[in-house]
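Residue-level structure breakdown
Below are the chains, spelled out letter by letter.
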Amino acid sequence: MSRPMFPVPKDAQATGASDVKWFAGLAMQAMIAKQEIVPDSEAQREEIALWSFRMAQAMVVIEKRIRADSSD
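Below is a summary of the structure that appears in this document. None of the values given here were measured: they were computed from a predicted structure.

Basis of the calculations
- Residues numbered from 1 in each chain as written.
- Predicted model: local features only at pLDDT ≥ 70, side-chain atom pairs only at ≥ 80, totals over all residues.
- Heavy atoms only, no water.
- Helix = DSSP H or I, 4+ residues; strand = E, 2+ residues; numbered from the N terminus.
- Contact = heavy atoms within 4.5 Å.
- Salt bridge = Lys/Arg side-chain N within 4 Å of Asp/Glu carboxyl O.
- Buried < 20%, exposed > 50% of the residue type's maximum accessible area, 1.4 Å probe, protein only.
- Expected span 1.5 Å × (residues − 1).
- Patch = residues over 30% accessible without salt bridge, like charges linked within 9 Å, V, L, I, M, F, W, Y side chains within 5 Å.
- Areas by Shrake-Rupley, 256 points an atom, 1.4 Å probe, with all protein chains shown as cover.
- Polar contact = N/O pair within 3.5 Å; in protein donor to acceptor, adjacent residues only side chain to side chain.

Observations regarding the overall build of the protein
When you go through the protein residue by residue, the secondary structure sums to 2 helices and 0 strands. For the protein, the proportion of contacts with a sequence separation of at least 24, taken over those separated by at least 6, is 55%.

What to know about the pattern of salt bridges
Applying the stated criterion to the full structure yields 3 salt bridges. Arg45 is the partner of Glu42 in a salt bridge, and the nearest nitrogen-oxygen pair spans 3.0 Å. In this pair, Glu42 and Arg45 both sit in helix 2 (residues 42–70), 3 residues apart, roughly one turn of the helix. Using a relative accessible area of 47% as the deciding quantity, one classes Glu42 as partly exposed. Given a relative accessible area of 40%, Arg45 falls into the partly exposed group. The salt bridge involving Glu47 is made with Arg54; its shortest N-O contact spans 3.6 Å. Residue classification places Glu47 among the partly exposed residues on the basis of a relative accessible area of 43%. Of the residues examined, Arg54 reaches a relative accessible area of 45% and is grouped as partly exposed.

Observations regarding helix 2
Over its 29 residues, helix 2 runs 42 Å from end to end, which matches the ideal 42 Å to within 8%, given 1.5 Å per residue. Within the sequence span of helix 2, burial applies to Ile48, Ser52, Ala56, Val60 and Glu63.

A closer look at the environment of Phe53
With respect to the helices, strands and loops of the structure, Phe53 is situated in helix 2. Once the C-alpha coordinates of Phe53 and Phe23 are considered, the two residues, 30 residues apart in sequence, prove to be 7.7 Å apart. The residues touching Phe53, leaving out its near neighbours within four places in the chain, are Val20, Lys21 and Ala24.

Considerations on a nonpolar patch on the surface
On the surface, Val61, Ile62 and Ile66 cluster together into a nonpolar patch covering about 220 Å² of accessible area. Position of Val61 among the secondary structure elements: in helix 2. For Val61, a relative accessible area of 38% translates into the label partly exposed.

Overview of the side chain of Ser52
Looking at where Ser52 falls in the secondary structure, it is placed in helix 2. There is a polar contact of 2.9 Å between the side chain of Ser52 and the backbone oxygen of Ile48. The contact partners of Ser52, leaving out residues within four places of it in the chain, are Ala24, Ala27, Met28 and Met31.

The following block contains the structure:
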């Protein structure tokens, strides 16, 4: 079994953290740091979280495509 390109660290605090959760955290951290996002409401925080998970899901899909292409 091949290892993910950007694996969830073994010492990650979230028990059973999936790649999607890990990538979502990275995406959220990057958005906040790069765009200086300061959510003013619960709805804004939820939208940032949803967008982060969408980005994470896309990262996992692309990683699978890259692995499939490289195995050909």
